Structure formats: C-alpha cells, structure tokens
Amino acid sequence: MILNGEERKINFRISVSDLLKQENYDFRRTAVLVNGTVIPRAGYDSASVSDEDTVEIVGFVGGG
Amino acid sequence: MSDDLIIGNKRFKSRFILGSGKFSLEMTEKVIRNGGVEIATLAVRRVNKGGRENILDYMPEGITLLPNTSGARNAEEALTIARLARELGCGDMIKIEIVRDTRYLLPDNEETIKAIGLLADDGFTALPYMMPDLTAARKMEKAGAAAIMPLAAPIGSNRGLLTKDFISMIIGETDLPVIVDAGIGRPSQACEAMEMGCAAVMANTAVATASDVGAMASAFRMAIEAGRTAYLAGLGRVLSGRGEASSPLTGFLGE
Amino acid sequence: MKMSGAWCDACDMYPYMEDIGTDILDKVMEAGKEFDPGSYCENDVRRAISAERPGPEDFAALLSPAAPPLLEDIAERARKVTRDHFGNSVGMFTPLYTSNYCENQCRYCGFSCKNSIARARLTPEEIEKEMESIAATGLTDILLLTGESRKYSDLEYIGMCVSKAAKYFSSIGIEVYPLNSDDYGYLHRCGADYVTVFQETYDPETYARYHPGGPKRVMSYRFNAQERALMGGMRGAGFAALLGLRDDWRKDAFCCGMHAYFIQRKYPHAEIAFSLPRLRPFSGHKEDDVKVSERDLLQTAMAYRLFMPFASETISTRESPVFRDGIVNICATKISAGSSVEIGGHSDVADKGDGQFELSDTRSVEEVREALVKLGLQPVFNDYVRSDR
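Analysis parameters
Residues numbered from 1 in each chain as written. Chains lettered and ligands numbered in written order. Predicted model: local features only at pLDDT ≥ 70, side-chain atom pairs only at ≥ 80, totals over all residues. Heavy atoms only, no water. Contact = heavy atoms within 4.5 Å. Buried area = accessible area lost by both parts, 1.4 Å probe. Salt bridge = Lys/Arg side-chain N within 4 Å of Asp/Glu carboxyl O. Helix = DSSP H or I, 4+ residues; strand = E, 2+ residues; numbered from the N terminus. Pairing = 2+ DSSP bridges. Buried < 20%, exposed > 50% of the residue type's maximum accessible area, 1.4 Å probe, protein only. Expected span 1.5 Å × (residues − 1). Polar contact = N/O pair within 3.5 Å; in protein donor to acceptor, adjacent residues only side chain to side chain. Patch = residues over 30% accessible without salt bridge, like charges linked within 9 Å, V, L, I, M, F, W, Y side chains within 5 Å. Areas by Shrake-Rupley, 256 points an atom, 1.4 Å probe, with all protein chains shown as cover. Lys, Arg positive; Asp, Glu negative; His and termini not counted. Charge placed at Lys NZ, Arg CZ, Asp CG, Glu CD.

### Some words on the interface of chain B and chain A
Taken together, the contacts link 32 residues of chain B with 26 residues of chain A. With both chains or domains summed, chain B and chain A bury close to 2400 Å², and 59% of this area falls on carbon and sulfur atoms. Contact with chain A buries area across many residues of chain B, yet Arg46, Glu87 and Leu88 of chain B alone supply 28% of it, more than any other trio. Across the contact surface, chain B and chain A share two salt bridges. With its nearest N and O atoms 2.7 Å apart, the salt bridge here joins Arg46 of chain B to Glu56 of chain A. Those elements that provide at least two residues to the side of chain B that touches chain A are strand E4 (39–46), strand E5 (64–67) and helix H2 (75–87) of chain B. With six residues, E4 of chain B is the single largest residue contributor to the side of chain B that touches chain A. Pairing of strand E7 (residues 54–62) of chain A with E4 of chain B, which is carried by five bridges, proceeds in the antiparallel orientation. Following the sheet pairing, Val61 of chain A is matched in E4 of chain B by Ala43 of chain B.

### A short note on the pattern of salt bridges
Residue and element names in this part refer to chain C. Inspection of every chain in the model, using the stated rule, returns 40 salt bridges over all chains. Where Lys334 meets Asp141, a salt bridge forms, and the shortest distance between an N and an O atom there is 3.2 Å. Residue Lys334 is found in strand E8 (residues 334–336), and its partner Asp141 is found in strand E2 (residues 141–146); the two are separated by 193 residues along the sequence. Owing to a relative accessible area of 12%, Asp141 belongs among the buried residues under this scheme. The partner of Arg369 in a salt bridge is Glu366, with the nearest N and O atoms 3.1 Å apart.

### Quick notes on helix H3 (residues 109–121) of chain B
Residue and element names in this part refer to chain B. End to end, H3 covers 19 Å across 13 residues, agreeing with the expected 18 Å (1.5 Å per residue, within 8%). For H3, every residue scored as buried is listed here: Asn109, Glu111, Thr112, Ala115, Ile116, Gly117 and Leu119. Looking at the buried positions of H3, the neighbouring elements they touch are H2, strand E6 (93–96), strand E7 (125–130) and helix H4 (134–143). You can read the cap of H3 off the contacts: a side-chain oxygen lies 3.0 Å from the backbone nitrogen of Glu110, and it is on Asp108. Just downstream of H3, Gly123 is the residue with a positive phi angle, here 85°.

### Notes on the sheet that holds E7 of chain B
All names here are of chain B. A sheet is described by the order of its strands in space; here three strands give the open sequence E6-E7-E8, paired in parallel fashion. If you trace the sheet from one side to the other, it starts and ends with E6 and strand E8 (149–150), each paired once. Pairing analysis gives two bridges linking E7 to E8, with the strands arranged parallel. Of the residues in E8, the one forming a bridge with Tyr129 is Met149.

### Observations concerning the interface of chain B and chain C
Between chain B and chain C, the contact holds 21 residues from the first and 25 residues from the second. Across the interface of chain B and chain C, roughly 2000 Å² is buried in total on both sides, 49% from carbon and sulfur atoms. Our count for the chain B to chain C interface comes out at one salt bridge. With its nearest N and O atoms 2.8 Å apart, the salt bridge here joins Arg265 of chain C to Asp175 of chain B.

### Some details on a negative patch on the surface
Residues Asp23, Asp26, Glu30 and Glu34 of chain C make up a contiguous surface patch of negative charge. By the secondary structure assignment, Asp23 of chain C is in the segment before helix H1 (24–34).

Listed below in structure tokens is the structure:
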C-alpha cells in the first residue's frame, strides 16, 4: 500500500476508520482519497483498503 | 441600507479576504482579528503525523473557510480537491486555482473554465482565480462562477494593479463580484482596487512580510473600507483640458 | 412556440410569430419606467462627459434636459470618442426600396395601406438594373428595404433581392418587416449580414395608437427582431426610435439605447448600429406636430455615442445637408448618399412607386463624398471583403 507517497506493508484488509486510528489521525481534521476517489466520512467504517491501494490522507493547511 | 458583500447565497460585512499561506500559525489569529477578516483561504495538503497542530485550531469562530484547489493541474484534479475540502467540512465555497506554470504561477484560464462547470454541477460555489481576460471572464460567468478573481500581478510579486485596465473591463462587463487576488503589495493598491469597483480584495504576502504584521492587517482593513466608501460616494469628475475648437462644433444647428 | 405575456396585443392573429422566450423587453421597459429625465442636474452631465466608461445613469443624464446647456462640451467629447473608435472614417451606402406594398397602417408612414399611393414591386430584372446603377457609383454597401407584405415581398422575394445584391455589394443590410430566426438564417445564407428594425416607440400606448392595423401591431414581436436576427447568424443589428412619436422623446431615446445595451451584453460579438430618424413632414402631415428639433436629435446621437462608443450611427437623407455634415463631423459614422426612397428611383427604371418619406438631402454619391473630404473625413465605401463568394 502507498500511504501519502510512502510504501507501507499491510497484511490484511482494514477499514478506513481503523487505518486512521492506527496512524493516529484526528478524524475531524482529515479527508481520505483511496485510488483517487474521495471517501465520504460517513463511509469510513464501510470502506476498506488493502495492500494494493494508494491512499492519500489530507487536511487543511495555510495557503493561498 | 447594508452594503454587504454577496457571494453566491452568502453575505459578508468585510471585503478583506485573507490568504493564509506564509503566516505562522500563531500570527493567523491576530491578522484575522486586526483585519476584520471574515473569509480566509486554505489549501488542501497531505497531512502526516496524525494531523495535529492544525491551522483550523487557529481560525476564530465564525470565519468562513475558502479552500483553494492549489496543486490541481487540470479541471478534474480541481474537482477532486474540492470534494476533499468539502469532506473536511468547510461548506461549498471553493476558490479554483489551476496553475500549470511553475515559473510565474499564472493560472490556466482554459482549465479553470472547465473546472467551474464541473464544480457548479456538483453543487459548489466556485470562485475562479484567473488571468484577467474579458472573454474568459464571460465564459466563466456563463459556466456558473459565483465571482471572478482576476490577478492584479503575479503571485508574491507585490507589484500592485498591473492589470488594472483589464480588471476594470471585467467589472464593467460582467454582473459578478470581482475580487482582486494576487499581487497587491500595499494598502493603497487595495484602496485603488476598491475605488475601481472591485467587490473585495485578497492579500497575503503584503501582510505576511510586513515588519509589523498585525498593524499591516489593520492598515489593509482601513484602506479597503476607504476605497469602498469612496466608490459608493461617487468619484468626482476629471477636469480635462480641452483643445480650443476654432469654431464651435454645434454651430451648424439652425434652430 | 406561441407568444404570450405582456406587450403582445393581437399576437393571436399571427401564429407564425416565433417566441424566443427572452427577458430583454421586460428589462428595457423596467429601465424606461425608472428613467426620470427631470432628476438630473448639470453636475451629472459633467460627470457623464468625463466618465471613462459611461453607464446607463450617465446615458440618462446626457439625454436629460440638463444637457443642452453643455451641448458643445458633449460634442467635443463625442468627437474625440468617435475618432478614437472610428478614426475619421465615415461609411457610405444607399438604401434600395424594392417594394412598397404594405399591410400595416402606420399613421406616420407614406406606405400605410390606408394611403392611396402608386404601389409597385421591382421585378428581378429591374432590381438587377437598380443595383448595377448603384454599384456604378462606387458604393459597395447597400440597405434593402420593403414594406410589410407577405404577399408581395415574401421571404423568397427578399432572399432573391439579397442574393442579387451579393453579386454587386460586399455589405448587405436589410430593413424589412420582422421575421423569425430561421428566416433570418435563410437571408444570412443568401448574403445579408445586418438587420435593422426601427422600434418606432417603446411606449406601448403610443405604439398602439400609431400602429392600429397589420402585423406591426404586435409590439413584442417587433422588439425581439434584433435578437432573432442574431440567433439566425446575422453579424449585426440596428436600432432606432422614431423621435417625435412619443410625447417625451427622451424616454424613447433612452429605451432605444438600453435595448441596444442589453443585446450587446447578451451577444458581445454583435455589431451594434443606431439610426436617427425623426418625425418629419410627409404628405398630409401637419408641420407643428413635429416636436423634436435638430438640437434634440444631435443630443440623442451624442448620448448614444458616449454610451456605446463602438456602435455605428447612421444619418439618413431625412435631414438637411447642413445638419448631416454637422453631425458627421461629431459622431455619425455612416451616411447615405444618392438615395431614392421611391421604387425604381436609381436607374432608368421608370419611377414605378411612390416614396416612403420626403428627402431633404438629394446630393449624389460624389457630392457627399466631396463634402466629407472637405470636412477632413475619410469616406469609406468598403469595410469588408466577401470571402465566401
């Protein structure tokens, strides 16, 4: 799996919720892209990722 | 009678929009307060290490967030970023910023026109950052933009209203609020933009690089208010020195 | 789609009239209602003169009674703006009336079906002769006119006139009765590029009074002609109010300008043109009914000029040579010459039919050309080269 540009190995499918918890993310401050598709917050429990996927975890920063 | 800034279906009292890049997080809140800012832009980026120390913690209550699509190289990427921003919970206002030029950071009007269509269809209130061009502005208005954000000069150049005449055309020929973005270096330039009839001014570098950042934010607020008041008061006529015609042009009228 | 709504009196009688569902008529009526000529003062006029981009409020001030004391200042500005946009070129053209049969009963017009005049329609051969004659004077810009008769000057007849004109002239305008957008498309393919329709008046009551019969009764169908023409692919549209019909000519001039303004906003590529007709004597018409002076007409022309600097302005032969020369020196950019408003007046085709109005300027093409040169202006016969023929 590629997470924010870095290679990661995960051994089995996990839900997006669990991934965020595992990586210590504040849910309220993040949005998630899996293979280029935006995952709505309401779907964090049902959506899952595997070792084949590319994940981006983004949030707001100063800019513009 | 109120003189609110109206963008889409939202109303604002302040016409000073803050670009939040280039500030330390601690300064952000002071600038927003001193500047009387009600709208602040944000970017969407990868967040590592759990997303702690987040800029949202430094945004006062009641601020309207205006995420931009910086990083997008085309319309589809702009839509994806807009959707991510919406998931982050900022409402529907998005500043479209599609830059394919790493030297001058000039926006791509063509991709921006396409992006407006995509975003408007997806329920976003789209504010396009653009290179001032009346034809492009008309197309953007037709595509569903809620405002037009022409650049005054290249981002970060602080060169003021280089594109003044072209911005003036857009103000005259479209019905959308025109918000000058990028290149404003001094409060006087912000004042001039407002005197011309701009609906609002956005600034970032000019404030962030001042010696006293907080005071500069106040200066911008006052300048923008002054310019707006002058515009509403109706600027006086320019007394032109006219050439003397040898005989009056209307002398032929018999009656 | 059948027409409905306000300004649509009698449209039931004419089911062929296309409804394009536009809101411009309402916008112009709204603007006209709000225009209060008495509310402007000298300062408003001065501001309008020096405004970089005069808007509707400035336009209103320039038309108001506060403007005449500043007429010379306005003229200076109008001349500068005209020079900036047109250099010192003045386009020359001539009108060709091909048929004076008419179903309408316009009270001010010589062609009214109530008038007993000699009615005629040029045959294709006669049209050819007229056009040859006109082309021989060097003119390459022609305006084709007919009365409103779907029997005698139907669409095919007009198309035939346009197709013939395309052999001799590079710029063809038509001033015929309002048509549907498809019809304009057809005429455009025949070779016409410009459509002029005089609204006459923008006040519904006055309009109804002066147009009691015929298809011209339907005010909204006439009003929307320019938009239908542009939808049909025409390059440009011409506007005019016949000053003197309505009690306050200023209101009609204002509405006319706003009409052109809204069309230009909606169709930024369209070439806009103004004509400057003024109620003038015609047989049987009383002199003292005419309420619009030369001064008023000049004021109107200059207001149009400052409000829409890129629009062309045509001065017709209804006005005297002195007036025409004077206005062309300030803001008019197109002038007719060698005109005949009769049917068959240009060549040796015998004067078949009576004219629409009286000419005040009967100068030939060469005489007008010389007058322009004397004024330091550049007569232009040809602004376009046809690439598609």
